[in-house]
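What follows is each chain in one-letter form.
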Amino acid sequence: MIPLNTNRIVIIAGNAGADPRSSKVCRSLSKLGFDVHFVGWNRRPEDGNAIHHDPTSTHILKYATPHGRLTILGLLRFTIHVMKRLRQLRPNTVCCIDEEYAFVVLPVRYMLYRYLVCDVTDSLLDRHSYRTWPLRTALGVLSFITRLGANRLIVPDTARLD
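For the structure given in this document, a descriptive report is provided here. (Residues numbered from 1 in each chain as written. Predicted model: local features only at pLDDT ≥ 70, side-chain atom pairs only at ≥ 80, totals over all residues. Heavy atoms only, no water.)

## As for the overall build of the protein
On a plain count of helices and strands, the protein comes out with 6 helices and 6 strands. Traced from its N-terminal end to its C-terminal end, the protein shows the element sequence β-α-β-β-α-β-α-β-α-α-β-α. Expressed as a percentage of the 162 residues in the protein, the buried residues total 44%. (Helix = DSSP H or I, 4+ residues; strand = E, 2+ residues; numbered from the N terminus. Buried < 20%, exposed > 50% of the residue type's maximum accessible area, 1.4 Å probe, protein only.)

## Quick word on the environment of Asn7
Position of Asn7 among the secondary structure elements: in strand E1 (residues 5-12). Classification of Asn7 as partly exposed rests on a relative accessible area of 33%. Those residues in contact with Asn7, other than ones at most four positions away along the chain, are Gly33, Phe34 and Asp35. For Asn7, the side chain forms a polar contact with the main-chain oxygen of Gly33, separated by 3.1 Å. (Contact = heavy atoms within 4.5 Å. Polar contact = N/O pair within 3.5 Å; in protein donor to acceptor, adjacent residues only side chain to side chain.)

## A word on the environment of Thr71
Looking at the secondary structure, you find Thr71 in the loop between strand E3 (57-62) and helix H2 (72-89). Excluding residues that lie within four positions of it along the chain, Thr71 makes contacts with Thr65 and Pro66. Side-chain polar atoms of Thr71 contact the backbone nitrogen of Gly74, separated by 3.0 Å.

## Re the sheet that holds strand E2 (residues 35-42)
Ordered by their spatial adjacency, 6 strands build an open sheet running E3-E2-E1-E4-E5-E6, and the pairing between neighbours is parallel. Since the sheet does not close on itself, it has two edges, and those belong to E3 and strand E6 (152-154), each with one partner. Mean inter-strand twist for the sheet, computed between neighbouring axes without regard to direction, equals 20°. Inspection of the sheet shows E1 paired to strand E4 (residues 91-97) by 5 bridges, in the parallel sense. In the strand pairing of E4, Ile11 is matched with Cys95. On top of the sheet, H2 reaches E1, E2, E3 and E4; it is set at about 165° to E2, its chief contact. (Pairing = 2+ DSSP bridges. Axes fitted to C-alpha atoms, helices over the stretch in contact; angles between N-to-C directions.)

## Some points on the side chain of Ser23
Tracing the chain through its elements places Ser23 in helix H1 (residues 20-31). For Ser23, a relative accessible area of 4% puts it in the buried group. Within the structure, the side chain of Ser23 is placed 3.3 Å from the backbone oxygen of Gly17, a separation counted as a polar contact.

Read these as layout, nothing more, since geometry by itself doesn't imply function.
Spelled out as structure tokens, the structure:
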């Protein structure tokens, strides 16, 4: 087994990295001396989304989806992309922006990385509060499992933490 790189952190997000939150996280971690890699998904490659991670290595999957939305086939392709990068990079820590991506990498913990950090600023349940109760229940279970499996959670306020 290839040893983990204790100085390497992989940030996983379902976007191309142009959002200010992930850019700030990557820059801050780089300034602290970590080897930061951003693994993302450009769902609208025709728009030419800019990526703002100056000191960060980026690994972006370019796979268009209808209206830039999350699709099952797209999520499957992104999952394969993420697993390949984790196997290649062998980070010590993975930080996922949103619970659905943390749920995807949770089963390979201890094989491909050691620590999982989940950013729940945009909670899965909050984003899907208008859905029917069976889907909300399934998403609630997914969210619960992810939060239980994460070593650390990043939350914007105590209401979400509770």
